[in-house]
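Analysis of the macromolecular model
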Amino acid sequence: MQPDELSLDSLPASQSARVVGISSDFPRSRRERFEDLGLLPGAEISRIHTAPLGDPAAYLIGGGVLCLRAEDSRHVIVKKAAA
Amino acid sequence: MSTPTVASAQEPASRSLTVALVGSPNSGKTTIFNALTGLSQKVANYPGVTVEEKAGWLEGGGRRMRVLDLPGLYGFSEMSPDEQVARDILSGTYDHEPRPQALLFVLDGSALRRSLALLSSVMAQGLPSAVAVTMFDEIAARGGRLDCEKLSRSLGVPVFPIVGHRGTGLDSLAEAVLDSKTWKPAPPKGPVDAPGLRAAWADAALDAAYSGPKAGDAASRRVDAVVLHPVAGPLIFLAVMGLLFQSIFTWAGPLQDLLSSATAALGGKVESSMADTLARDLVVHGMIDGVGGVLVFLPQIMILFFLVHFLEAVGYMARAAFLADRLMGWVGLQGRSFVALLSCHACAIPGIMAARAIPSETDRLKTMLVAPFVTCSARIPVYTLLIAAFVPETKVLGLGLQGLVLAGLYLCGAAAAFFGAWFLSRTTLKGSLLPFYMELPPYRWPTMKNVFMAMWLRAKIFVTRAGMVILPLSLLLWVLLSFPRLPESPEWTPAQHQSRQLKHSAAGRLGVALEPVFAPAGFDWRINIGVVASLAAREVVVATLAQIYGIEAAEEDTSGLLDILRTARDPESGRPLMTMPTAFALMAFFVFALQCISTLAIMYRETNTWRWPALAFAYMSVLAYAAAVLTYQITSRLIA
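Residues numbered from 1 in each chain as written. Chains lettered and ligands numbered in written order. Predicted model: local features only at pLDDT ≥ 70, side-chain atom pairs only at ≥ 80, totals over all residues. Heavy atoms only, no water.

**Section: the overall build of chain A**
If you tally the helices and strands in chain A, you get two helices and six strands. The helix and strand sequence of chain A, counted from the amino end, reads β-β-α-β-β-β-α-β. For 83 residues, the compact-globule estimate of 2.2 N^0.38 gives 12 Å, and chain A sits close to it at 12 Å. The principal-axis extent of the C-alpha atoms belonging to chain A is close to 30 × 25 × 25 Å. Relative to its full complement of 83 residues, chain A shows a buried share of 52%. Look at the contacts in chain A between residues 6 or more apart in sequence, and 61% of them connect residues 24 or more apart. Surface exposure of chain A reaches about 3700 Å², of which carbon and sulfur atoms provide 48%. Between the centroid of the 10 positive side chains of chain A and the centroid of its 11 negative side chains there is a distance of 1 Å. (Helix = DSSP H or I, 4+ residues; strand = E, 2+ residues; numbered from the N terminus. Rg over C-alpha atoms; globule rule 2.2 N^0.38 Å. Buried < 20%, exposed > 50% of the residue type's maximum accessible area, 1.4 Å probe, protein only. Contact = heavy atoms within 4.5 Å. Areas by Shrake-Rupley, 256 points an atom, 1.4 Å probe, with all protein chains shown as cover. Lys, Arg positive; Asp, Glu negative; His and termini not counted. Charge placed at Lys NZ, Arg CZ, Asp CG, Glu CD.)

This is the structure:
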């Protein structure tokens, strides 16, 4: 991971970012499903809600809202968008 | 809705033409399916998986078209049984369903980009196609504009704009579906294997036809700021779930009482108008009680499904699942399991049927397999009777001991469900190969027709399919409890005869045979008969015990049974028939045991195999037995 990159689960609330990719240690079937859901390089994403116990979180992506658990979203690498 | 039409909707459509409806979950596919097929639709399960098969007929102008509603999909993953079934059907490699002649793709107007990416992989299947754009009004409401003609030109297939809740565009869509013979296969869209290329293609198609903001639904964001607020969110969640919980108890209660008293009245009428023969007994106790025992669940199922589907259609269920997910995730379940398990406090049957809403098949199965642990209302008569008879009315720390025991039993049920789910996640049903993901759809006013149709279909499934299993099984149980016959003796009172007949019956003999097995739990043959009879429904154990102990069955109030339970002694040995350790062991048994034919029947209908109900029955019986033995052994030593 580059210095300005971070995993999706550690993206702060309301911070906008762009998807860099999905880590290669994530099983293929899971990676493909994430890609089907729009988690593709270059896609804009931001965290808009966090469930009461800290997990899962809801992300705004491609005009829709997607909920992911940290155990999966930590495999998604994003890059903070310039403020 | 004529019967032959309904029956044939499920037959292999060798002669008729079939149009498959394809789209992602929440895309408005159900609205279109309901509009096209109305009440002619029939719901079943694809063999071997908990994937629902829905088909119906569209008729008009002397033409007839079979419409097949494929499971909602996000892609074609081999890891998801739902998507596997859909893909196999579209490619013509599915054994139980021939390849459809055409497909109607449902494009979600509120998620155009993602829907188009899915469309490109669906079109690669090469079937003649058309596209219905749903929630067309939401596009304009967000300040966007979609040109259907341009989209049609860039896709190479006809495009129909639809506003489901207003019914706009449905007539011309129906006309087009009837004419689907004229549709052409969509031209190939280049390489579709790479998701990046699919997304790029979707962007290009959209750029040509769509103008307006790319932003999502601002109104839903404002509602979510409250509904998913860290403090307000859980409070709203508790209020909604409380309402749901209350409704299945308090609203369904009077209707259920009405149904059971109607059943009892009918039974009484038959009883008084027929001679006291075996035939009368069969009609009253075998058939009327059997059918009544099935129908009594209907109000709960209908009310629960109305509310669940209403909340789902509004968009709240996904939010509720989001809020509860962490809690359920600890034991290997997910947020959507919460509603199903909550419903199980009324009755496991609507709870198991509600598990249908869980997208992941393993999570769906886990939820169904632990659902019967949750303390359902049928256990209450058993618990209250035994508690009243054997738990002293003292206070512990200012709280009534009887109430504490009841609360403890509830807690045991919930704990068993959670532990069971945790155990299953680690053994038989290891984690899904797909990640957990859930969309929060925009809030919208539901199409009430869909809500009522969903309620109606669930009720129909329950009455027809479950009834077909429950009725023969309750008849079989009646035979076991009534045969072989014991000749009547003039010296016996009717109550004595009833008691002796029970011991003489096949179930009675089974009870006697089971004595060595259940002796470590302190059960004698009488209780064993009660346990066998309670398979019909748990609360039946109360009536059966009353019969065995020789109480007139007509006596409605249980105070007579209470005294008998406390004081009855074995005529030969003079020992008390029921002691406190035995009573506690019996309660412990009912916490875990799956003593309910109806639950097994509905589990069979939902999973389409006897494997899962058999597994559930087996492991729950083992647990129940162990709990009963342990409780008896410990309490009898503590008291001695």
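**Details of helix α2 (residues 29-37) of chain B**
All names here are of chain B. For α2, the buried fraction is high: seven of the nine residues fall into the buried class. Restricting attention to buried positions, one finds in α2 the residues Lys-29, Thr-31, Ile-32, Phe-33, Asn-34, Leu-36 and Thr-37. Remark: Gly-38 follows α2 within two positions and exhibits a positive phi of approximately 55 degrees.

**Structural notes on the interface of chain A and chain B**
With 27 residues of chain A in contact, the opposing surface of chain B contributes 37 residues. Roughly 2600 Å² of surface becomes buried between chain A and chain B when both sides are summed, with 63% attributable to carbon and sulfur atoms. Counting across the interface, chain A meets chain B through three salt bridges. At the junction of chain A and chain B, the tally comes to eight residue pairs in polar contact (both at pLDDT 80 or more). Of all the secondary structure elements, the ones that give two or more residues to the side of chain A that touches chain B are α1 (28-36), β3 (44-50), β4 (57-61) and β5 (64-68) of chain A. Here the side of chain A that touches chain B takes six residues from α1(A), the largest share from any one element. Here the side of chain A that touches chain B is built from residues that sort into 16 nonpolar, four polar and seven charged. Pairing of β5(A) with strand β12 (residues 437-440) of chain B involves four bridges; the strand directions are antiparallel. Counterpart to Cys67(A) in the pairing with β12(B) is Met438(B). (Buried area = accessible area lost by both parts, 1.4 Å probe. Salt bridge = Lys/Arg side-chain N within 4 Å of Asp/Glu carboxyl O. Polar contact = N/O pair within 3.5 Å; in protein donor to acceptor, adjacent residues only side chain to side chain. Nonpolar A, V, L, I, M, F, W, Y, C, P; charged D, E, K, R; others polar. Pairing = 2+ DSSP bridges.)

**A few points about the confidence of the model for chain B**
Residue and element names in this part refer to chain B. Counting all residues, the mean pLDDT for chain B is 84, and 93% of those residues have values of 70 or more. Of all helices and strands in chain B, the one with the weakest mean pLDDT is helix α1 (residues 3-8) (40), whereas strand β8 (residues 159-161) scores best (95). Taken together, the stretch residues 1-14 has pLDDT below 50 and engages in 25 contacts with residues farther than four places along the chain or on a different chain. Ignoring residues within four places in sequence, the model shows residues 552-556, a span with pLDDT below 50, making four contacts including any to other chains. Of the two predicted TM-score estimates for the complex, the pTM is 0.83 and the ipTM is 0.95. (pLDDT = per-residue confidence, 0-100.)

**Examining the pattern of salt bridges**
Residues and elements named next belong to chain B. Scanning the model with the defined rule gives 32 salt bridges over all chains in all. Residue Asp-203 pairs with Arg-113 through a salt bridge whose shortest N-O separation is 2.2 Å. One end of the pair, Asp-203, is in helix α8 (residues 195-209); the other, Arg-113, is in helix α4 (residues 112-123), and 90 residues separate them in sequence. Relative accessible area serves as the criterion here: at 24%, Arg-113 is assigned to the partly exposed category. Across the pair Asp-224 and Arg-319 runs a salt bridge, and its minimum N-O distance is 2.9 Å. Taken together, the residues span a long stretch of sequence, with Asp-224 in helix α9 (residues 218-227) and Arg-319 in helix α13 (residues 316-329) at a distance of 95 residues. A residue is classified by how much of its surface remains accessible, and Asp-224, at 0% relative accessible area, is buried. Its relative accessible area of 0% is what places Arg-319 among the buried residues. Through salt bridges with shared partners, a single ionic network connects Glu-52, Arg-356, Arg-458, Arg-605 and Glu-606.

**Points about the nonpolar core**
Residue and element names in this part refer to chain B. Counting residues in each nonpolar core, the largest one holds 123 residues, and the members touching the most others are Phe-462, Phe-523 and Met-578. Residue contributions to this core peak at 10 residues, all from helix α26 (residues 580-592). What Phe-523 contacts, discounting residues up to four positions off in sequence, is Phe-518, Asn-528, Val-531, Thr-582, Ala-585, Leu-586, Phe-589 and Ala-628. Counting 42 residues, the second largest nonpolar core, distinct from the first, contains Val-85, Leu-112, Ala-117 and Leu-127. (Core = buried A, V, L, I, M, F, W, Y, C linked by side-chain atoms within 4.5 Å.)

**Some points on helix α14 (residues 335-343) of chain B**
Because the α-helix completes a turn every 3.6 residues, residues three or four places apart line up on one side. Residue and element names in this part refer to chain B. For α14, a buried count of nine out of nine residues is recorded, marking the element as mostly surrounded by other parts of the structure. Taken as a whole, α14 has its buried residues at Gly-335, Arg-336, Ser-337, Phe-338, Val-339, Ala-340, Leu-341, Leu-342 and Ser-343. Close packing links the buried residues of α14 with α10 (232-273), α12 (298-314), α13, α15 (348-354), α16 (361-370) and β12.

**Structural notes on the sheet that holds β4(A)**
Two modes of strand pairing occur in sheets, parallel and antiparallel, and in both the strands are linked by backbone hydrogen bonds. The sheet built from seven strands is open, its strands ordered β1(A)-β6(A)-β2(A)-β3(A)-β4(A)-β5(A)-β12(B) with antiparallel pairing. At either end of the open sheet lies a strand with only one pairing partner, and these are β1 (5-7) of chain A together with β12 of chain B. Each neighbouring strand pair of the sheet contributes to a mean axis angle of 40 degrees, computed without reference to strand direction. Pairing between strand β2 (residues 16-22) of chain A and β3(A): three bridges, direction antiparallel. Counted as the bridge partner of Arg18(A) is Glu44(A) from β3(A). Relative to β2(A), α1(A) is tilted by about 140 degrees, and along the sheet it contacts β2, β5 and β6 (76-80) of chain A together with β12 of chain B. (Axes fitted to C-alpha atoms, helices over the stretch in contact; angles between N-to-C directions.)

**Structural notes on empty space enclosed by the protein**
The final tally for this structure, using the stated rule, is two cavities of 30 Å³ or more. Within this model, the largest cavity holds a volume of roughly 170 Å³. Lining the largest cavity are 16 residues, with Gly64(A), Ser110(B), Leu440(B), Pro441(B) and Pro442(B) positioned closest to its centre. Of all the elements in the fold, those that place two or more residues in the lining of the largest cavity are β5 of chain A together with α9 and β12 of chain B. The volume enclosed by the second largest cavity comes to roughly 90 Å³. (1 Å grid on protein atoms, 1.4 Å probe; cavity = no way out; pocket = protein on both sides within 12 Å on 5 of 7 lines; lining within 4 Å. Points joined across faces, edges and corners; volume = space filled by probe spheres on them.)

**Section: the pairing of β4(A)**
Residues and elements named next belong to chain A. For β4, the buried fraction is high: four of the five residues fall into the buried class. Alignment of β3 against β4, held across five bridges, turns out to be antiparallel. Bridging from a neighbouring strand, Arg-47 pairs with Tyr-59 of β4. The hairpin formed by β3 and β4 contains six residues between the paired strands, and Gly-54 there has a positive phi angle of roughly 90 degrees. Pairing geometry for β4 and β5, over five bridges, is antiparallel. If you follow Leu-60 over to β5, its bridge partner there is Val-65.

**A closer look at unusual backbone geometry**
Residue Pro56(A) is bonded to the preceding Asp55(A) through a cis peptide linkage, with omega at -5 degrees. Counting through the fold element by element, Pro56(A) comes out in the loop between β3 and β4. You will see that Ser14(A), though not glycine, has its phi angle at about 65 degrees, which is positive. Structurally, Ser14(A) can be placed in the loop between β1 and β2. Its identity as a non-glycine residue notwithstanding, Met135(B) has a phi of 50 degrees, on the positive side. Tracing the sequence through the fold places Met135(B) in the loop between β6 (129-134) and α5 (136-141).

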